[in-house]
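Structure at a glance
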Amino acid sequence: MLKNRIIPCLDVKNGRVVKGINFVDLKDAGDPVEQAKIYSDGGADEICFLDITASNENRETIYDVVKKTSKKCFVPLTVGGGVRTVEDINKLLNCGADKVSINTAAVQNPEVVVESSKKFGSQCIVVAIDAKKNGDNWEIFTHGGRNNTGTDAIEFAKKMEDTGAGELLVTSMDRDGTQVGYDIELMAKISSKVNIPVIASGGVGNLDHLVDGIKLGNASAVLAASIFHYGKHSVKEAKEYLDLKGIPVRI
Amino acid sequence: MNVTIVDYNSGNISSVINSFSEVANEKVNIEVTSDLNKIKSSDKIVLPGQGSFKSCVDALNNINGLVDTLNEFVINDKKPLLGICVGLQMFADVGYEETETKGLGWISGKVLKIDNQDGKYKLPHIGWNQINIVKDSKIFKNIENNSHMYFVHSYEFVPEDKNVVSATTEYSSNIVCSVEKENIFGTQFHPEKSDKTGLKIIDNFINL
C-alpha cells in the first residue's frame, strides 16, 4: 500500500538554514546538509529545500548545498525557490536534486513547465501554487506571496496537470506561518480536481494538522517546516502519531 | 571490479551515481560513461532511466552502437545488468508511453499505463510503497519482505512469463516492481532513493 509522505522543509538563505532544528548534538545549526541528514535519518520521506536567497550573486550557494546533501541523504530531495528557467532546473538536477519546484515561473511562463517536463520527465517537476482566499475563490500569488495574479488557483492547478507537472505543492498564503492548520478546503478542492498527487503546505502548528491535511484535505503528502524546527516534534513522532490515527505511513 | 553506470542522457542520474559511490568499497570502481569500450570491458552495468519510455529508447539509439554493445554484454557475455525505473521498462518488447516504441526485447512483455480506475488512483504513483517479494532474487539478499521502496512512475512492465517477477507492489493492481532473468535484474522503484534498504539492494548487486 502506498504510504502518505511527511516532508520537512528547510528554508535556506545564502547557503545557510534560516530556521532550523535546535538539537544539542548539532555541531552547526545553520548547516543545511547536517539538518537534512538528521531528517532523513529520522525517517523523513523526502526533504525539501526552499531557497530564499534574495540576491542573485548568492544564488550559486544553493547548488553547493544540494550537491553536498545528495551525497549524504538517500531519500528524494526537492529544491525550490528562484527557479526561473529550464537551465536552472537542469543545474539543480545535475547537482543531485530529484525534483525541482517551480512557482513564479510556472505562472508567468507555463512553457517552462511544458519544456522541462518533456526534457526531464514529469516525475521531477513540482509546481508550487501559493494561493490566497478571495471570497469563494482562491487566487494565485507569485514572488514569494507578494504579487496577486488574480488567477483562479483551482483552474491553474488543473492547467498545470495538463501542462506536465508531476505533483502540486499547494501553500495557503492565509495560513502560512500562522500554525493554525492547513487550508483544508483549498487542499480538498484541488485534490479532487486533479489526478496528480497534492502536497499540502502552509499553517501546520501541531500533529493533528498533518492528520487533517491527509484525511480531510486528501493530500498525498504533507509538508511542514516550523513544527520540526527547534525540536518541537521529530519526524518520527509525527509518523507514529499518524500511524496511531490510522494513516498509512512508512515506519 | 568495474561497475559502469551508462550515461546516455536519460535524465538525472546524479542520485544513482551518489548511491553507488556511497556503497562501493575501495575494490570497486564506479564508472559513469557512454564509452562503448569501457562498457564492454566492465563487469557490471547499471542502466538508469528517467522520463518517458520513448525518450529513453531514443536516447539509447542516439548513441551509435550502444544498443549493440548492451545486447552483447547482456545476451552474449551474460554479464549482470541492473535496470532502474525506465531502465527496467526498456527490457520489454514494446512500450506505449507517448507512442508505440520498440524496447530492447530482453524480457518479453509490454509496458502499459497503470490503470487509475477512473481517477481512484493518482498518477504518477509517487512515494513509498511496500514490496512483496515473490521469488528469491540475489539482489534481495537480507532484504525483508514488505520493505518500503521509493516509486515514481505512471507505467508498468507486464512481462509474458511471470516467472521473471521477483517482487510486486500494490497500486491499483499488483504491479511488477522487480524482475530477475538469469543475469538481468531490474527494479521499477528507485533503490538509490530508498534509504538504507535501497542502498542494501545496490550493495547486493555490486557483490553479485
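The text that follows walks through the structure, step by step, so that each part is easy to find. (Residues numbered from 1 in each chain as written. Chains lettered and ligands numbered in written order. Predicted model: local features only at pLDDT ≥ 70, side-chain atom pairs only at ≥ 80, totals over all residues.)

1. Considering the overall build of chain A
From N to C terminus, chain A includes 9 helices and 11 strands. Here the C-alpha radius of gyration of chain A, 17 Å, is about what a compact globule of 251 residues would show, namely 18 Å. Expressed along its principal axes, the backbone C-alpha trace of chain A runs to roughly 45 × 45 × 35 Å. Going through the 251 residues of chain A one by one, you find that 54% of them count as buried. Partitioning the intrachain contacts of chain A with sequence separation of at least 6 by distance along the chain shows that 64% fall at a separation of at least 24. (Helix = DSSP H or I, 4+ residues; strand = E, 2+ residues; numbered from the N terminus. Rg over C-alpha atoms; globule rule 2.2 N^0.38 Å. Buried ≥ 20, exposed ≤ 12 C-beta atoms within 10 Å, placed from the backbone. Contact = placed C-beta atoms within 7 Å.)

2. What about the interface of chain B and chain A?
Frequently, the measure chosen for interface size is the accessible area that the parts lose on association. Taken together, the contacts link 30 residues of chain B with 28 residues of chain A. Only helix H1 (14-23), strand E8 (125-133), strand E9 (148-153), strand E11 (165-171) and helix H6 (195-206) of chain B provide two or more residues apiece to the side of chain B that touches chain A. When residues of the side of chain B that touches chain A are assigned to their parent elements, the largest contribution, 6 residues, is made by E8 of chain B.

3. Things to note about helix H3 (residues 86-95) of chain A
Here H3 of chain A has its buried residues at Asp-88, Ile-89, Leu-92, Leu-93 and Cys-95 of chain A. All buried residues of H3 of chain A fall inside an arc of 160° around its axis, so they share one side. Looking at the buried residues of H3 of chain A, the elements they touch are helix H2 (61-70), strand E4 (77-80), strand E5 (99-102) and helix H5 (111-120) of chain A together with H1 of chain B. Immediately beyond the C-terminal end of H3 of chain A, within one or two residues, lies Gly-96 of chain A, with a positive phi of roughly 120°. (Arc of directions from axis to C-beta.)

4. Structural notes on the environment of Glu-31 of chain B
Residues and elements named next belong to chain B. By the secondary structure assignment, Glu-31 is in strand E2 (residues 29-33). The spatial distance from the C-alpha of Glu-31 to the C-alpha of Val-46 is 10.0 Å, given a sequence separation of 15 residues. Look past the residues within four positions of Glu-31 in its chain and what remains in contact with it is Asn-2, Thr-4, Lys-38 and Ser-42.

5. As for the sheet that holds strand E7 (residues 109-113) of chain B
Residues and elements named next belong to chain B. Strand order in this open sheet of 4 strands is E6-E5-E7-E10, and the pairing throughout is mixed. Since the sheet does not close on itself, it has two edges, and those belong to strand E6 (101-102) and strand E10 (155-159), each with one partner. As defined by bridge partners, strand E5 (residues 94-95) adjoins E7 across 2 bridges and the pair is classed as parallel. The partner of Gly-95 across the bridge, within E7, is Val-111. (Pairing = 2+ DSSP bridges.)

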